[in-house]
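Topology and contacts: notes
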Amino acid sequence: MSSDVAAIAGGLSPGGPGAPDVGGSPSAAIINPTREAWDEPVTARVILTFTLPDYRYLCRLVEPAGPVRYIYNCAVREGSWEGRPITLTAPALGAPYAVMVLEKLMVLGARMVLALGWCGSLQPGLSIGDLVLPTATISTEGTSGHYPLDGQPPDPDPGLSGILRRLLSASDHRWQEGAVWSTDGFYRETVQMVKAYQAQGILGVDMEMAALFTVGRFRQTPVAGLLVVSDELSTLKWNPGYRSEPFRRARDQAARLVLAAAAEWDGGHV
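Each value, and the rule that gives it
Residues numbered from 1 in each chain as written. Predicted model: local features only at pLDDT ≥ 70, side-chain atom pairs only at ≥ 80, totals over all residues. Heavy atoms only, no water. Salt bridge = Lys/Arg side-chain N within 4 Å of Asp/Glu carboxyl O. Helix = DSSP H or I, 4+ residues; strand = E, 2+ residues; numbered from the N terminus. Buried < 20%, exposed > 50% of the residue type's maximum accessible area, 1.4 Å probe, protein only. Pairing = 2+ DSSP bridges. Contact = heavy atoms within 4.5 Å. Phe/Tyr/Trp six-rings, centres within 6.5 Å; stacked < 30°, edge-to-face > 60°. Expected span 1.5 Å × (residues − 1). Polar contact = N/O pair within 3.5 Å; in protein donor to acceptor, adjacent residues only side chain to side chain. pLDDT = per-residue confidence, 0-100.

Some details on the pattern of salt bridges
Overall, the coordinates contain 11 salt bridges when judged by the stated rule. Here R248 makes a salt bridge to D252, at a shortest N to O gap of 2.8 Å. Linking R248 with D252, this pair stays in helix α7 (residues 245-264), spanning 4 residues, or about one helical turn. Under the relative-accessibility criterion, R248 is labelled partly exposed at 36%. The salt bridge partner of D252 is R251, with a shortest N-O separation of 2.9 Å. Put simply, D54, E245, R248, R249, R251 and D252 are held in one network by salt bridges that share partners.

This is the structure we're talking about:
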């Protein structure tokens with residue numbers, strides 16, 4: 001990156017809760033998320049997922065009433081859990097797509113977002129079907145760098161993560177918390193990179209969490225997430241478990257946990 005480009009990037013400034021950049025400075029965004037006349041609002045509580053199986057299972061649980069609609073080709077439905085209205089959306093796969101959807105959700109009324117996803121395990125003590133609560137991130141995806149945080153870490157909202165942590169602790173499911181690595185290169189999780197992050201104690205690898213947490217901080221909107229271990233890379237050989245019974249059971253439990261966390265959120269963690 002040239003010094004001029006670095007200076008421009010460093011001069012970007014965040015907006016308020018769900019607010020676009022405004023003003024005439026060279027660092028102001030030209031295209032900002034807006035609510036168009038045809039856009040319908042979403043509920044304050046949103047669960048964002050990256051695969052259709054997760055979305056469909058969540059829909060069965062919340063029993064959506066209205067017709068499906070779309071945000072950037074992501075399906076959107078409204079239902080309820082424990083008496084709380086909740087919006088579901090998917091499949092926002094990969095950091096750039098997930099962030100486009102997240103930005104739109106915020107201007108349509110989302111006041112908190114919980115992301116439910118899958119990850120590959122980098123540690124031998126973390127197996128298919130375990131759950132991961134991301135508390136920090138390392139990014140090699142290309143989206144986060146466009147949202148400077150002025151020294152803030154790209155971490156999840158502590159209040160939302162705290163709700164998830166308490167619910168996980170009260171469950172009988174195997175889980176761990178710690179840092180995850182987010183990458184755009186699904187087919188470029190190299191031996192060298194896996195070894196390096198494994199040595200740093202990074203728990204797993206996904207494609208979205210770092211970017212989503214970064215945008216949550218940038219827009220001052222609570223964002224947190226929960227991951228299900230779907231495959232293992234710790235031996236430096238790929239062991240996929242997407243179709244296994246332990247994975248399916250864990251995904252079902254994770255879906256109920258994020259619904260419970262969303263329902264419990266009262267707006268006091270903003």
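Description of the pairing of strand β9 (residues 223-232)
Within β9, 10 of the 10 residues are buried, which leaves the element mostly enclosed by the surrounding structure. Two strands pair when backbone bridges link them, and strand β6 (residues 131-140) and β9 are joined in this way by 2 bridges, in the antiparallel orientation. Across the sheet, residue L131 finds its bridge partner in β9, namely V228. Across 2 bridges, the pairing between β9 and strand β10 (residues 239-240) is antiparallel. Its bridge partner being in β10, E232 is matched across the sheet by N239. Joining the antiparallel neighbours β9 and β10 is a turn of 6 residues, in which L236 adopts a positive phi near 70°.

With respect to the environment of R256
Inspection of the secondary structure puts R256 in helix α7. Considering only alpha carbons, one finds R256 and L61, 195 residues apart in sequence, at a separation of 8.2 Å. What R256 contacts, discounting residues up to four positions off in sequence, is Y57, L61 and W81.

Notes on the packing of aromatic side chains
Within this structure, the stated rule accounts for 6 aromatic pairs. Judged by centre distance (5.1 Å) and plane angle (90°), the ring pair of Y147 and F218 falls under edge-to-face. Highlighted residues: Y147 in the loop between β6 and α4 (158-170) and F218 in helix α6 (residues 209-219), separated in sequence by 71 residues. Between the aromatic rings of F186 and Y187, the centroid separation amounts to 4.9 Å while the plane-to-plane angle is 85°, which identifies the pairing as edge-to-face. Judged by its relative accessible area of 37%, F186 falls in the partly exposed class. Owing to a relative accessible area of 74%, Y187 belongs among the exposed residues under this scheme. Chaining the aromatic ring pairs together yields one cluster made of W118, W238, Y242 and F247.

Some details on α4
Note: α-helices contain 3.6 residues per turn, so residues at a spacing of three or four share the same orientation. Between its first and last C-alpha, α4 extends 18 Å over 13 residues, near the 18 Å set by a 1.5 Å rise per residue. Its side-chain oxygen placed 3.1 Å from the backbone nitrogen of G159, D157 serves as the N-cap of α4.

Quick word on the side chain of T89
Mapped onto the secondary structure, T89 falls in strand β4 (residues 84-90). A residue is classified by how much of its surface remains accessible, and T89, at 0% relative accessible area, is buried. If near-sequence neighbours (up to four positions away) are discounted, T89 is found in contact with V46, I47, L48, T49, Y55, C74, A75, V76, V101 and L105.

Details of unusual backbone geometry
Put simply, A90 and P91 share a cis peptide bond, and its omega is 0°. Structurally, the position occupied by P91 is in the loop between β4 and α3 (95-107). Its identity is not glycine, yet N73 carries a phi of approximately 70°, on the positive side. For N73, the position within the fold is in the loop between β2 (69-71) and β3 (74-81).

Some remarks on the confidence of the model for the protein
Per-chain confidence: the protein averages 91 in pLDDT, with 90% of residues scoring 70 or above. Per-residue pLDDT stays below 50 along residues 1-20; that stretch engages in 29 contacts with residues further than four places along the chain or on separate chains.

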